[in-house]
Amino acid sequence: MVSIGSRGQKAAENWENRMSLKAWVVAGMAASALAMGPASASSTVGKKADMERMEGAQLIEFAAQPYIQFREDIDHVSANKPQDEASMRDAYYRLASHDNRTMAASWIAYAAMIAADTPEFSAAVEKKMKKRGGAAAFEAELAANPGMIRQLPGADKAIAAIMAFSTNDAARIRDVGDSFIADAYDLQKVAWARREIAQSGMDRVDSALRYAAKRQWADYDRKVKPKRNGAVRPDLVKNASWSKEWSGEAKPVNPAARPGTIVSKALILGAHYTMNSARTEHLASFGTSKKSERCFTNAQMNLDQCIAATRTPYEEAFCLGQHALNDMSSCVGWPAGAGAAGS
């Protein structure tokens, strides 16, 4: 439906410009190795000053926010399907405003909260804390041998919960993406959606960057309440954007999928969440995944190229379905072998 012509090539050539502006958007977040998320200066003014001092479960909560914000935009575009050119542009701006470099780290941080919210896993971490005389001794043991996290009682339950979250979220996002693609074909029969857009594709890509730079991001500031022994549980509330049940429907996990390093990293951060011991160096070590970062970056680049080549709103709908949603579904679901077409 949309071919990547000369304007798409120009989008690829201008990719470094996008990354430069994106870097400016997140530069005020922290000096730590983990850029915590896209934000406007007004929404983070209280955070960036003490980012380096933030620690414990609250730090992981903050790192997880960009992924939750992405979920909320999925809900928004799903419930408010474009009815005219302006609302189509609003959907594009929203979905294009998530910083691709932070999404991998945020996915891992949220997966860590899934692990910490798994009763068997959190109980095992608490037992280790008690047996070792506090969090510090178990933290040192974990630092010396990170691989032992998989042998911890309850780790299998936490892994299953992470794999289920990855599978279900990917399916939810792909459902919305497929609906946008179906709408794109239907919109070819609608006058406003067939009309040529006055603004060029590259100008719309640039406008999306300006929108991202100015967007007001909510600060959830969820309260972390440690128990008497210092342990913390996330309490991921059902029927909310933070919920494990956000997707609304449980899908079978791919039986052939094997949890990889990214899941182990989430377990380690999940243990630090439970112990309330997370620091920025833990996020720098375990809140990263080159494969995941590449996936989110490619999804954003494909979206930019696609939009740059569009001339009509119905073509924009196709770009959003294919790249802003289905490509992102693959990035959310690949750790569980989910998210690709037909899975």
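All values derive from a computational prediction rather than experimental measurement. (Residues numbered from 1 in each chain as written. Predicted model: local features only at pLDDT ≥ 70, side-chain atom pairs only at ≥ 80, totals over all residues. Heavy atoms only, no water.)

**Quick word on the overall build of the protein chain**
What the protein chain contains, in helices and strands, is 15 helices and zero strands. Within the protein chain, the fraction of its 343 residues that count as buried is 55%. A total accessible area of about 14400 Å² is found for the protein chain, and carbon and sulfur atoms account for 50% of it. (Helix = DSSP H or I, 4+ residues; strand = E, 2+ residues; numbered from the N terminus. Buried < 20%, exposed > 50% of the residue type's maximum accessible area, 1.4 Å probe, protein only. Areas by Shrake-Rupley, 256 points an atom, 1.4 Å probe, with all protein chains shown as cover.)

**A word on the side chain of Arg 204**
One can find Arg 204 in helix α11 (residues 201-214). Judged by its relative accessible area of 1%, Arg 204 is buried. Among the polar contacts made by the side chain of Arg 204, one reaches the main-chain carbonyl oxygen of Gln 199 at a distance of 3.2 Å. Beyond its immediate sequence surroundings of up to four residues, Arg 204 is in contact with Arg 89, Tyr 92, Tyr 93, Ile 197, Gln 199, Ile 307, Thr 310, Arg 311 and Glu 316. (Polar contact = N/O pair within 3.5 Å; in protein donor to acceptor, adjacent residues only side chain to side chain. Contact = heavy atoms within 4.5 Å.)

**A look at helix α6 (residues 100-116)**
With 17 residues, α6 extends 25 Å between its outermost C-alpha atoms, agreeing within 8% with the 24 Å of an ideal straight helix rising 1.5 Å per residue. Most of α6 sits out of view: 16 of its 17 residues are buried. (Expected span 1.5 Å × (residues − 1).)

**A few points about helix α5 (residues 85-96)**
Because each turn of an α-helix spans 3.6 residues, side chains separated by three or four positions in sequence point in the same direction. Its twelve residues give α5 an end-to-end C-alpha distance of 16 Å, which sits within 8% of 16 Å, the value for a rise of 1.5 Å per residue. Those residues of α5 that sit buried are Met 88, Arg 89, Ala 91, Tyr 92, Tyr 93, Arg 94, Leu 95 and Ala 96.

**Let's talk about the packing of helix α14 (residues 290-308) against helix α15 (residues 313-333)**
Closest axis-to-axis distance for the α14/α15 pair is 9 Å, and the angle between their directions is 175°. By the angle class used here, α14 and α15 are roughly antiparallel. The residues of α15 that touch α14, namely those facing Cys 295, Phe 296, Ala 299, Asn 302, Leu 303, Cys 306 and Ile 307, are Glu 316, Cys 319, Leu 320, His 323, Ala 324, Asp 327, Met 328, Ser 330, Cys 331 and Val 332. Its residues placed into classes, the contact of α14 with α15 shows twelve nonpolar, three polar and two charged. (Axes fitted to C-alpha atoms, helices over the stretch in contact; angles between N-to-C directions. Parallel < 35°, antiparallel > 145°, perpendicular 65-115°, else oblique. Nonpolar A, V, L, I, M, F, W, Y, C, P; charged D, E, K, R; others polar.)

**A word on the pattern of salt bridges**
One side chain can pair with another of opposite charge once the charged atoms of both are near each other. Applying the stated criterion to the full structure yields 18 salt bridges. Two residues, Asp 169 and Arg 71, come together in a salt bridge whose shortest N-O distance is 2.9 Å. Remark: Arg 71 occurs in helix α4 (residues 57-79) and Asp 169 occurs in helix α9 (residues 155-187); sequence separation between them is 98 residues. The exposure class of Arg 71 is buried, given its relative accessible area of 1%. Its salt-bridge partner being Arg 89, residue Glu 85 comes within 3.4 Å of it at the nearest N-O pair. (Salt bridge = Lys/Arg side-chain N within 4 Å of Asp/Glu carboxyl O.)

**Notes on the nonpolar core**
Residues Phe 121 and Ile 162 are the most contacted members of the largest nonpolar core, which totals 92 residues. If one sorts the elements of this core by residue count, α9 sits on top with 13 residues. (Core = buried A, V, L, I, M, F, W, Y, C linked by side-chain atoms within 4.5 Å.)

**Notes on unusual backbone geometry**
Negative phi is the rule for most residues except glycine; trans is the rule for most peptide bonds. Unusually for a residue other than glycine, Asp 235 sits at a positive phi of about 55°. Summarising the element assignment, Asp 235 is placed in the loop between α11 and α12 (261-275). One non-glycine residue with positive phi stands out, namely Asn 276, at about 60°. Among the secondary structure elements, Asn 276 is positioned in the loop between α12 and α13 (280-286).

**A closer look at the side chain of Ser 122**
Looking at where Ser 122 falls in the secondary structure, it is placed in helix α7 (residues 119-132). Given the relative accessible area of 2%, Ser 122 is considered buried. Looking at Ser 122, its side chain comes within polar contact range of the main-chain oxygen of Pro 119, at 3.1 Å. When neighbours within four sequence positions are excluded, Ser 122 is seen to be in contact with Ala 116, Arg 233 and Thr 274.

**Digging into the confidence of the model for the protein chain**
Looking at the protein chain, the pLDDT average stands at 84 and 83% of residues meet or exceed 70. Contacts from residues 2-46, a stretch scored under 50 in pLDDT, to residues over four places away or in other chains number 102 contacts. (pLDDT = per-residue confidence, 0-100.)

**Structural notes on the packing of aromatic side chains**
Taken as a whole and assessed by the stated rule, the structure comprises eight aromatic pairs. With centroids separated by 5.1 Å and ring planes inclined at 70°, the aromatic side chains of Tyr 110 and Phe 165 adopt a geometry described as edge-to-face. Of this pair, Tyr 110 sits in helix α6 while Phe 165 sits in helix α9, and the two are 55 residues apart along the sequence. Per residue, the accessibility class of Tyr 110 equals that of Phe 165, and both read buried. Here a set of aromatic residues connected by ring pairs shows up, and it is made of Tyr 67, Phe 70, Trp 107, Tyr 110 and Phe 165. The aromatic ring of Phe 180 is capped on one face by Lys 81, whose charged end is 5.2 Å from the ring centroid. (Phe/Tyr/Trp six-rings, centres within 6.5 Å; stacked < 30°, edge-to-face > 60°. Lys NZ or Arg CZ within 6 Å of the ring centre and 35° of its normal.)

**As for the environment of Gly 333**
Following the sequence through the fold, Gly 333 ends up in helix α15. With a relative accessible area of 0%, Gly 333 lands in the buried category. C-alpha of Gly 333 to C-alpha of Thr 167: the two residues are 166 residues apart in sequence and 5.4 Å apart in space.

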